[in-house]
Amino acid sequence: MKLSIIIPTYNEEEYIPKLLESIKLQNFHDYEIIVADAGSTDNTCKIAESYGCKIVEGGLPGVGRNNGAKIAKGEFLLFLDSDSVLTDHYLELALEEFIENNLGIAITQMIPMSNRRIDHVLHNFANFFMRKVESIKPHGAGCYGILTRRDLHKKVEGFDEDLDFGEDTDYIERVARISSFKVLRKPRLMVSTRRQGKEGTKNLAYKYIKSTLYQFAGKKITAAQLNYEFGHDAEQKRIFYGVCGEGMGHAIRTKVVVEHLQKKYDVTIFASDRAYDYLADKFGKVYRIEGFNTVYEDNQVNNLRTFTRNIKDLPIDLKNNIRLMYSLSKSIQPHIIISDFEFYSNLLSKITRIPLLSLDNMHIITRTKIDIPSKYRNDRLRAEGVIKSFIIMPKFYFIITYFFPEIKNPEKVKLYPTILRDEIFNLKPKNKDHILVYQTSDSNKKLLELIKDIDEKFIVYGFHIDKEDRNIHFKKFNETQFFEDLSHCKAVITNGGFTLISEALYLKKPILSIPVKKQFEQIVNGIYLDRLGYGKFLEDFEKRDLEEFINNLDLYYEKLESYHHPGNEKLLNDLEAAIEKYSKKY
């Protein structure tokens, strides 16, 4: 027999059929397939048997490869990872080049099974790097496909089973010392990017760079030193966390929640727009998806343009988002999905039947008995329709709020104080001489014109510029500077954004809320802010309205003295309890 193909496996029913089918379709057929299984509890072994594979006991990859080689009859051995796929003529091209060059050991180059440009860039770089250093440092891993001769495998006594990381490179180096090594140029091996899904691209790249530096320095490194895992930790539950990308509030509170959950759970985040940019800078496993966006014109929601823009993008966004999320769910097998008003994670929950938890402030509109004037009826109906379609039948609703109306369904709904980040808890508020203006939409030009004629100093965020205009200091957003300006202001003028209102209340800053028209969530926030006496709600305004708010700051300060925030602990503890209660069992 010419070739023995050896494949270590553990619960690979999702991936191994693709590999075995690609082997079956090769032009070259003088081979046997040996699957070294490490005690799979799924259908891996049944699938392997249906393809005529021999099954041996496995373990860690090195153990499995050695056990497979012990019964191998082929002159050549090809070690493959179970989530790879052979390209056309792979076996024929690999053996031909290997024999022509009289090699003792070789690896092949990789093509990622991914639509992401970053994956192709990284794998192309890895291929380039391996080619450039082949004569200096024989190097590689099972994901490259390791081709060698059976007599050389016996001579070096196989893979070092005491190594739990880098056993591939160690093996290649030892065989290369008594023979010759090359990165094959013709064949290509398609490889999965699922470990990027588990670890995150940045995190995984760091680990591989660190391990490569150790290996080039002639040092060993362990899986524990790299925090590198083979398979899943059976004790650690896995969470998919979907985050709405419109505005920054969803992302800001997600950071707080995920930082807490990561102490106990494995969390993978999906986010769109600014939320992705913010969270990807702070966590390893964050994936960009496309989301829905609101169109603003003249400080008002344009419902028609919002609808047409989102409907136009929906088909391609739906296809790409669900393909990514579904693929990762099959690989990672999350126990539960949490959605902060993110539509596609809700949809994934319905497709996969993975339990869903909802954590946001939006459901105050649909799950409580809010008292809102009838003139907002149409805005309310539109908002309720969107909210109900975004999140459908979660196991539980965690609703954060600074006002507490009656709950419609207490068995599935609970209200909690707003989630605040540590940076806010750590601020020491002072009342200085400026008023902070923050606009989530840069279309409110009228406000800017009016405050120019008011005898106050204004610091304005939201217009993406740095300049001074009379009594107005425009600033581009900088988190550290914003915290200082917020903590030292004497009042806040904003739309009706939930997060800024929550942070200003904690710091006991009076708030003038001027919601974007037809933005019902902001309208609700403004109305209840006014009712509680923490500030003023205005839809249409003139200079005298702004001056009246400023003249009454002492009244608002007095009311704000009674405002108390107990911290995030109750919500975070209850969220953990819900994760344990509702998680899917595999």
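Residues numbered from 1 in each chain as written. Predicted model: local features only at pLDDT ≥ 70, side-chain atom pairs only at ≥ 80, totals over all residues. Heavy atoms only, no water.

Some words on the packing of aromatic side chains
- A complete count under the given rule lists 21 aromatic pairs for this structure.
- Ring geometry for Phe343 and Tyr344: centres 5.1 Å apart, planes at 75 degrees, overall edge-to-face.
- Their ring planes at 70 degrees and their centres at 6.1 Å tell us that Tyr461 and Phe477 sit as a pair that is edge-to-face. Here Phe477 lies in the loop between strand S19 (472–475) and helix H19 (479–488) and Tyr461 lies in strand S17 (residues 457–461), a separation of 16 residues in the sequence.
- Taking relative accessible area as the criterion, Tyr461 reaches 1% and is therefore assigned buried.
- A relative accessible area of 48% means that Phe477 is categorised as partly exposed.
- By the ring-pair criterion, three or more aromatic residues cluster together here, those being Phe341, Phe343, Tyr344 and Phe390.
- In this arrangement the basic side chain of Arg65 is found over the ring face of Phe159, its NZ or CZ atom lying 5.2 Å from the centre. (Phe/Tyr/Trp six-rings, centres within 6.5 Å; stacked < 30°, edge-to-face > 60°. Helix = DSSP H or I, 4+ residues; strand = E, 2+ residues; numbered from the N terminus. Buried < 20%, exposed > 50% of the residue type's maximum accessible area, 1.4 Å probe, protein only. Lys NZ or Arg CZ within 6 Å of the ring centre and 35° of its normal.)

Some remarks on the sheet that holds strand S18 (residues 467–469)
- Across the sheet, seven strands lie side by side as S18-S19-S17-S16-S20-S21-S22; this open sheet has mixed pairing. Every interior strand has two partners, whereas the edge strands, S18 and strand S22 (535–537), have only one. Strand-to-strand twist across the sheet, computed as the mean angle between neighbouring axes with direction ignored, equals 20 degrees.
- Sheet topology places strand S16 (residues 434–438) next to strand S20 (residues 491–494); four bridges connect them, and they run parallel. Bridge pairing links Val437 to Ile493 in S20. (Pairing = 2+ DSSP bridges. Axes fitted to C-alpha atoms, helices over the stretch in contact; angles between N-to-C directions.)

Some details on the confidence of the model for the protein chain
- Residue-level pLDDT values for the protein chain average 86, and 87% of them are 70 or greater.
- Here helix H10 (residues 223–226) stands out as the least confident element of the protein chain, with mean pLDDT 42; strand S14 (residues 396–401) is the most confident, with 98.
- Residue range residues 196–202 is modelled with pLDDT below 50. Its contacts to residues more than four positions away, or to other chains, number 32 contacts.
- Taken together, the stretch residues 221–234 has pLDDT below 50 and engages in 39 contacts with residues farther than four places along the chain or on a different chain. (pLDDT = per-residue confidence, 0-100. Contact = heavy atoms within 4.5 Å.)

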